[in-house]
Amino acid sequence: MFDFSLTNTYSDLDLTRIEAGVNLRYEVSKRLSLLGEYRWIDLDDEAPYLGDLTGSVSLYSIAVGYRF
Amino acid sequence: MRKILFLLLLAAFVTVPALATDPPETSEVELTLGGWDASTDEAQEVVSEYEDTDGGLLVGLRAELHRAAGSLLLSSHVRGSAQQRHELEFDLQRRVRSRTSFVSFYRRLSHDPMANLEATTAHGRVVRHDDLDPGRQYGFDYRDLDHRTELQLPSLPALTLAFTFRQQERSGHRQSLTISHCDGCHVTGQTRPVGERTRDVGAEANLSFPRWALKASHTQRRLTEKTESIGLLYDRALQPEQRTAIFTNRVSFDALNGVMPVDLRPDIKKEITRLQATIPDAAGFALNASGVWSQTTNEYANLDTDYSGYLLNASRRFGPRVKLQWRARAYSTTTDDYFVDIVEPVAQAGPHAGRTYREVYGYDPDFLRRSSLNRDVLESSLDLGLKLQGKAGTVRFLWDYQAIDRDHYEVADGKTDTTSHVLGLAWNARPVKGVRLEAKARHGEVDNPFMLPNGVYSPAFGQNAASPLAPTSTQYYVWRASRIGDSTNQPSSWTELRAKGSVVRGNTTASLSYRWWDGENDDGGLTDWSRNSQTATLTLWSMPSPLVQWSVAYVRHDQELDFPASIALFDG
């Protein structure tokens, strides 16, 4: 009536998280600089149960810096 | 929180005119302005647990002023509305030294769909769930304001007085799960507001001389929750087929008691006193000894927990190549006992009508709660370093020991104490210029690791379910007492390996680190727990010219966890 063949796998956790990032700063002049950053994070849920936690996010930013 | 932050910043800017009487010796201000955004794919609960993904403005300010009268350092970073970091430091001729920091970020919390809580038997008995706020995304804003100001007068240079203040806040919403009916039959998920604030206010006095130093401090902490509890209307305790109130003597309350408070968060206050003595040279040893005494009070139940702890650090060099460091700690915790008087209503129908559970079966549900945290602990950490010849580096021999003696909790049959030994070997070296290497290996053995003895798996057999309609049926306390499985998530044996290396070549630095951990525990009855994890990190940084610098980082983390889980098969 009930299938318990997979019951022993419900408590398994198997997660892989990879994070990579690049950070760049360019000094245009003595006072002015350009900044950039990119980060990528990926999570792979290889033993999902009830819900799959797999997901990824890319974060990027750009800015100008001024010294005085 | 905002008012306090504003007052502290105002105090900083009030001192600026005081510094303005003389022109600055050095000053530098940098303003950063930009924007950021994010793109997401699939679930974000874990991968973006501490990441804001809404995008927004990027604002940064860094100011540094140094003058004869004092100095001022200000650093601010704002990334969208949720992520901020501010630091302010100033000093007035070194007589007044002040530091304030503020951090805020958003943390995501998970939402349990409870999709596994749906089962029905042929007789109509169910385990079910209700999510009163389906699809709601949970999380909270975290804010931490930390401040310290020191006063040291030229007439008393050995004495330093300090005032400390710290306030942490969590505000948002999380999921609250409550169980109704008998046991796990009806689980309700609802939104619970989070409005938690922890505030520390302290004073400190330091007396420092060349041969000895003494420090004393006292801190008062208070934890409050804006919403003390939420409400739940429990199910009516009825037999699921006959719909009669034969179970009311097996529950303490049900729907007849109206909406009940659940997920209660009591206010807590804590007082901490510390005393520390330092002797830089006592027969060649550098000594540091301290004592900590605290009392924590649960203001809702008026329960106290007392803690007293003592710490000793000693270190000494034996010649130019050998260094010994030893750290020992002893502490004890004691929590008030509490008598739990179970509410015992009578059955309203069935063969036990008019009688309590105790009157039917002779079972006394009341008990005296004695804290499992009451204990005496002794810890020792020994580190013997040996500098090798030439550029072979330094080798360290490590031994950590811990003995926990619990007053009221058994971690194995008749055993209340846990003893662990960790032996380790560490090495670091700079074999050639620009290269740095580190490696460490540790192995731990634990006698009687923390475990729940006889907490799972009952071999008892009953012809009938524990029902009032079957007078000879096996009762719940008999099922529980017959459990034979020991559950744990603590290893009885484990091994850790770490390696790290960095190479600097010109304007480029590359570093690599790796960690491997493996542990297991099959000491108890039917216990079979193991965990294996490994993490590798690679970082590259380069400054090819004075105008350009870049960095790249890669992190990989793998983890496997195996343990037996007990899944209850519900039948009414």
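Residues numbered from 1 in each chain as written. Chains lettered and ligands numbered in written order. Predicted model: local features only at pLDDT ≥ 70, side-chain atom pairs only at ≥ 80, totals over all residues. Heavy atoms only, no water.

A. Representation of the layout of surface pockets in the model. Estimated volume of the second largest pocket: approximately 760 Å³. In this structure, the second largest pocket is lined by 30 residues; those nearest its centre are Glu37 and Ser61 of chain A together with Leu58, His77 and Arg79 of chain B. Considered class by class, the residues forming the lining of the second largest pocket number 11 nonpolar, 11 polar and 8 charged. (1 Å grid on protein atoms, 1.4 Å probe; cavity = no way out; pocket = protein on both sides within 12 Å on 5 of 7 lines; lining within 4 Å. Points joined across faces, edges and corners; volume = space filled by probe spheres on them. Nonpolar A, V, L, I, M, F, W, Y, C, P; charged D, E, K, R; others polar.)

B. Structural context of the interface of chain B and chain A. On the chain A side, the residues contacting the 49 residues of chain B number 45 residues. Where chain B abuts chain A, roughly 3900 Å² becomes buried across the two surfaces, and 52% of that area is made up of carbon and sulfur atoms. If you sort the residues of chain B by the area they bury against chain A, Glu30, Val47 and Leu547 of chain B come out on top, with a joint share of 14%. Where chain B touches chain A, the interface holds 3 salt bridges. A salt bridge links Glu30 of chain B to Arg67 of chain A; the nearest nitrogen and oxygen atoms lie 4.0 Å apart. For the pair chain B and chain A, the interface holds 17 residue pairs in polar contact (both at pLDDT 80 or more). (Contact = heavy atoms within 4.5 Å. Buried area = accessible area lost by both parts, 1.4 Å probe. Salt bridge = Lys/Arg side-chain N within 4 Å of Asp/Glu carboxyl O. Polar contact = N/O pair within 3.5 Å; in protein donor to acceptor, adjacent residues only side chain to side chain.)

C. Quick look at the nonpolar core. Judged by nonpolar contacts, Ile41, Leu43, Val57, Leu59 and Ala63 of chain A together with Trp36, Ala38, Val47 and Leu58 of chain B together constitute the single largest core of 9 residues. At the level of elements, strand S2 (32-45) and strand S3 (55-67) of chain A together with strand S1 (26-42) of chain B are the ones that each hand at least two residues to this core. At 3 residues, S3 of chain A tops the list of elements feeding residues into this core. Apart from the residues within four sequence positions on either side, Val47 of chain B is in contact with Arg17, Ile41, Asp42, Leu43, Gly55, Ser56 and Val57 of chain A. Counting residues in hydrophobic clusters, the runner-up holds 7 residues, among them Val29, Ala63, Leu74 and Phe90 of chain B. (Core = buried A, V, L, I, M, F, W, Y, C linked by side-chain atoms within 4.5 Å. Buried < 20%, exposed > 50% of the residue type's maximum accessible area, 1.4 Å probe, protein only. Helix = DSSP H or I, 4+ residues; strand = E, 2+ residues; numbered from the N terminus.)

D. Structural view of the side chain of Thr419 of chain B. All names here are of chain B. Relative to the elements of secondary structure, Thr419 occurs in strand S22 (residues 417-429). Judged by relative accessible area, which is 19%, Thr419 ranks as buried. Among all residues touching Thr419, those that are not within four sequence positions of it are Tyr401, Gln402, Ala403, Glu445, Val446 and Asp447.

E. Seen up close, a nonpolar patch on the surface. Judged by side-chain polarity, Tyr26, Val28, Leu32, Leu34, Val64, Tyr66 and Phe68 of chain A together with Leu31, Leu33, Leu57, Val59 and Leu547 of chain B come together as a nonpolar surface patch covering roughly 1000 Å² of accessible area. For the nonpolar patch, the elements supplying multiple residues, two or more each, are S2 and S3 of chain A together with S1 and strand S2 (56-67) of chain B. Tracing the sequence through the fold places Leu34 of chain A in strand S2. (Patch = residues over 30% accessible without salt bridge, like charges linked within 9 Å, V, L, I, M, F, W, Y side chains within 5 Å. Areas by Shrake-Rupley, 256 points an atom, 1.4 Å probe, with all protein chains shown as cover.)

F. Just the packing of aromatic side chains, in detail. Residues and elements named next belong to chain B. Following the criterion strictly, the structure yields 15 aromatic pairs over all chains and no others. Residues Phe209 and Trp212 carry aromatic rings whose centres are separated by 5.0 Å and whose planes lie at 45 degrees to one another, so their mutual orientation is tilted. The exposure class assigned to Phe209 is partly exposed, which follows from its relative accessible area of 38%. A network of ring pairs unites the aromatic residues Tyr357, Tyr361, Tyr363 and Tyr477 as a single cluster. Positioned over the ring face of Trp517 is Arg531, at 4.4 Å from the centre of the ring. (Phe/Tyr/Trp six-rings, centres within 6.5 Å; stacked < 30°, edge-to-face > 60°. Lys NZ or Arg CZ within 6 Å of the ring centre and 35° of its normal.)

G. A look at the environment of Glu560 of chain B. Checked against the element boundaries, Glu560 of chain B lands in strand S29 (residues 548-562). According to the relative accessible area criterion, Glu560 of chain B is partly exposed, its value standing at 47%. A C-alpha to C-alpha distance of 38 Å links Glu560 of chain B and Gln549 of chain B, two positions 11 residues apart in sequence. Excluding its chain neighbours within four sequence positions, the residues that come into contact with Glu560 of chain B are Leu13 and Asp14 of chain A together with Ser530, Arg531 and Asn532 of chain B.

H. The arrangement of the environment of Pro431 of chain B in detail. All names here are of chain B. Looking at the secondary structure, you find Pro431 in the loop between S22 and strand S23 (435-447). With relative accessibility at 32%, the residue Pro431 sits in the partly exposed group. Residues Pro431 and Val456 lie 25 residues apart in sequence; the distance between their C-alpha atoms is 54 Å. Beyond its immediate stretch of four places on either side in the chain, Pro431 contacts Lys391 and Leu437.

I. Layout of the pairing of S2 of chain B. Residues and elements named next belong to chain B. As judged from the 11 bridges shared by S1 and S2, these two strands associate in the antiparallel manner. Counterpart to Ser27 in the pairing with S2 is Leu65. Hairpin geometry of S2 and strand S3 (residues 70-79) is characterised by an intervening segment of 2 residues between the two adjacent antiparallel strands. (Pairing = 2+ DSSP bridges.)

J. Just the pattern of salt bridges, in detail. One pass over the structure, following the stated rule, counts 41 salt bridges over all chains. With a closest N to O distance of 3.4 Å, Arg67 of chain A and Glu27 of chain A form a salt bridge. Of this pair, Arg67 of chain A sits in strand S3 while Glu27 of chain A sits in strand S1 (residues 13-27), placing them 40 residues apart in sequence. Two residues, Arg358 of chain B and Glu344 of chain B, come together in a salt bridge whose shortest N-O distance is 2.8 Å.

K. Highlighting unusual backbone geometry. Residues and elements named next belong to chain B. With phi around 60 degrees, Glu42 is a residue other than glycine that occupies positive phi space. The exposure class assigned to Glu42 is exposed, which follows from its relative accessible area of 55%. A positive phi is found at Met114, a non-glycine position, where the angle reads about 55 degrees. Relative to the assigned elements, Met114 resides in the loop between strand S5 (96-109) and strand S6 (119-120). With a relative accessible area of 1%, Met114 lands in the buried category.

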